[in-house]
Protein chains: 2
Amino acid sequence: MDERLTVIFSRRSIRVYTPEPVSEQDLQGLLEAGMAAPSASNRKPWHFVAVTDRETLRALADAHPYGKMLARAGAAIAVCGDPGISTWWVQDCSAATENILIAAAALGLGAVWLGSHGNPEREHAIRGVLGIPDSVGVLSLLSIGHPAEEKPPRTQYDASRVHRGRW
Amino acid sequence: MDERLTVIFSRRSIRVYTPEPVSEQDLQGLLEAGMAAPSASNRKPWHFVAVTDRETLRALADAHPYGKMLARAGAAIAVCGDPGISTWWVQDCSAATENILIAAAALGLGAVWLGSHGNPEREHAIRGVLGIPDSVGVLSLLSIGHPAEEKPPRTQYDASRVHRGRW
């Protein structure tokens, strides 16, 4: 693995956290990274709901079937997209989500992507907890904290998925 | 901007390239970065068509309405997804695409995301040039080369898109 790409390979799904809060500076950095993502025609259809309140984090943990770790997370970010701004909002908000996850790794934080849009029940439940308008899609919910588990950097490179020149 | 996040902010859409080829080592790094992306339930629904042949690059330039720069690019990668492997393939392949773009920035390359899936004409044209099966979606086409234009790192942070605690 090329050392210049270490930050990308070190982004792993981290679900166990220490009690240390996520600082305002780090949260700001994550949001700046999210909004540094490319978007189709630079329409930037995204909105971000950033949560650090313990009661809301607990409610989010109950709202997502794989979100139990949110009850002990330092922060959550719901990445949302407005289809009225761009029909490409799912792709744009996925890029913003990935930027936040790589930024978390770069800042020494751990995070995990909890899928939402594509599963109407999950999207509805998160929308309810956070008061997100019905007109806005909830692409993902990110659980973020200071890591209390270690996972080594990795690619999952699979040569059988690479086609050279043409399929 | 936090210096630890510079690589994320330095990912800009680069459409002008020098004639220098993209090395096999760098192309390998880009593909490893793509396959380091997270995917729902770790199903990894992606395939990558990597092109360095000039004639095929020219054909891709003609196949995409915003793809003229491909005729002079060092390489292209079509990021594809198999809906038969995962219903979340659009989000997963968008994360893989963003990983490749950030990796390009980390390697000193320049790249740009050309949207495909979501526009049936573009997707059909790229599929035809590269021989991609009808059962596989073409999420994006990436144009990659050694940059001959400079763009400064940036976030497009917009405080009005941040909602604290709830929407």
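In this text the structure is predicted, and so the values were computed from the model without any measurement. (Residues numbered from 1 in each chain as written. Chains lettered and ligands numbered in written order. Predicted model: local features only at pLDDT ≥ 70, side-chain atom pairs only at ≥ 80, totals over all residues. Heavy atoms only, no water.)

Draft legend 1. Examining helix H3 (residues 54-63) of chain A more closely. All names here are of chain A. For H3, every residue scored as buried is listed here: Thr56, Leu57, Leu60, Ala61 and Ala63. Relative to the axis of H3, the buried residues are bounded by an arc of 160° and lie together on one face. Opposite the buried face of H3, at more than 90 degrees from it, the exposed residues are Glu55 and Asp62. (Buried < 20%, exposed > 50% of the residue type's maximum accessible area, 1.4 Å probe, protein only. Helix = DSSP H or I, 4+ residues; strand = E, 2+ residues; numbered from the N terminus. Arc of directions from axis to C-beta.)

Draft legend 2. Just the interface of chain A and chain B, in detail. With 73 residues of chain A at the interface, the matching set in chain B holds 73 residues. Note on chain A versus chain B: buried area summed over both sides is about 5,900 Å², and carbon and sulfur give 56% of it. Counting every contact that joins chain A to chain B gives four salt bridges. We note a salt bridge from A:Glu24 to B:Arg164, for which the minimum N-O separation is 3.0 Å. Joining chain A to chain B, the criterion identifies 37 residue pairs in polar contact (both at pLDDT 80 or more). Put simply, the parts of the chain that give the side of chain A that touches chain B at least two residues each are helix H1 (6-9), helix H2 (24-34), strand S1 (46-51), helix H4 (89-106), strand S3 (110-115), helix H5 (120-130) and strand S5 (162-164) of chain A. If you tally residues by element for the side of chain A that touches chain B, the top one is H4(A), at ten residues. Looking at the side of chain A that touches chain B residue by residue, the class counts come to 38 nonpolar, 21 polar and 14 charged. As paired strands, S1(A) and strand S5 (residues 162-164) of chain B are joined by three bridges and run parallel to one another. Across the sheet, A:Phe48 pairs through a bridge with B:Val162, a residue of S5(B). (Contact = heavy atoms within 4.5 Å. Buried area = accessible area lost by both parts, 1.4 Å probe. Salt bridge = Lys/Arg side-chain N within 4 Å of Asp/Glu carboxyl O. Polar contact = N/O pair within 3.5 Å; in protein donor to acceptor, adjacent residues only side chain to side chain. Nonpolar A, V, L, I, M, F, W, Y, C, P; charged D, E, K, R; others polar. Pairing = 2+ DSSP bridges.)

Draft legend 3. Representation of the sheet that holds strand S4 (residues 137-145) of chain B in the model. Read across the open sheet, the five strands follow the order S5(A)-S1(B)-S2(B)-S4(B)-S3(B); overall the sheet is mixed. This sheet does not close on itself; its edge strands, each paired only once, are S5 of chain A together with strand S3 (110-115) of chain B. Averaged over all neighbouring strand pairs, the angle between strand axes comes to 20°, with direction disregarded. Across the face of the sheet, helix H5 (residues 120-130) of chain B comes into contact with strand S1 (46-51), strand S2 (75-81), S3 and S4 of chain B while running at roughly 70° to S4(B). (Axes fitted to C-alpha atoms, helices over the stretch in contact; angles between N-to-C directions.)

Draft legend 4. A look at the sheet that holds S1(A). Strand order across the open sheet formed by five strands is S3(A)-S4(A)-S2(A)-S1(A)-S5(B), with mixed pairing between neighbours. Bordering the open sheet on either side are S3 of chain A together with S5 of chain B, each of which pairs with just one other strand. Each strand of the sheet is rotated relative to its neighbour by a mean of 20°, with strand direction disregarded. Contacts from H5(A) reach S1, strand S2 (75-81), S3 and strand S4 (137-145) of chain A, with the element oriented near 70° to S4(A).

Draft legend 5. Local environment of the pairing of S2(A). Summarising burial for S2(A): seven of the seven residues are buried, a large majority. Neither face of S2(A) is left uncovered, since the one carrying A:Ala75, A:Ile77, A:Val79 and A:Gly81 and the one carrying A:Ala76, A:Ala78 and A:Cys80 both have all their residues buried.

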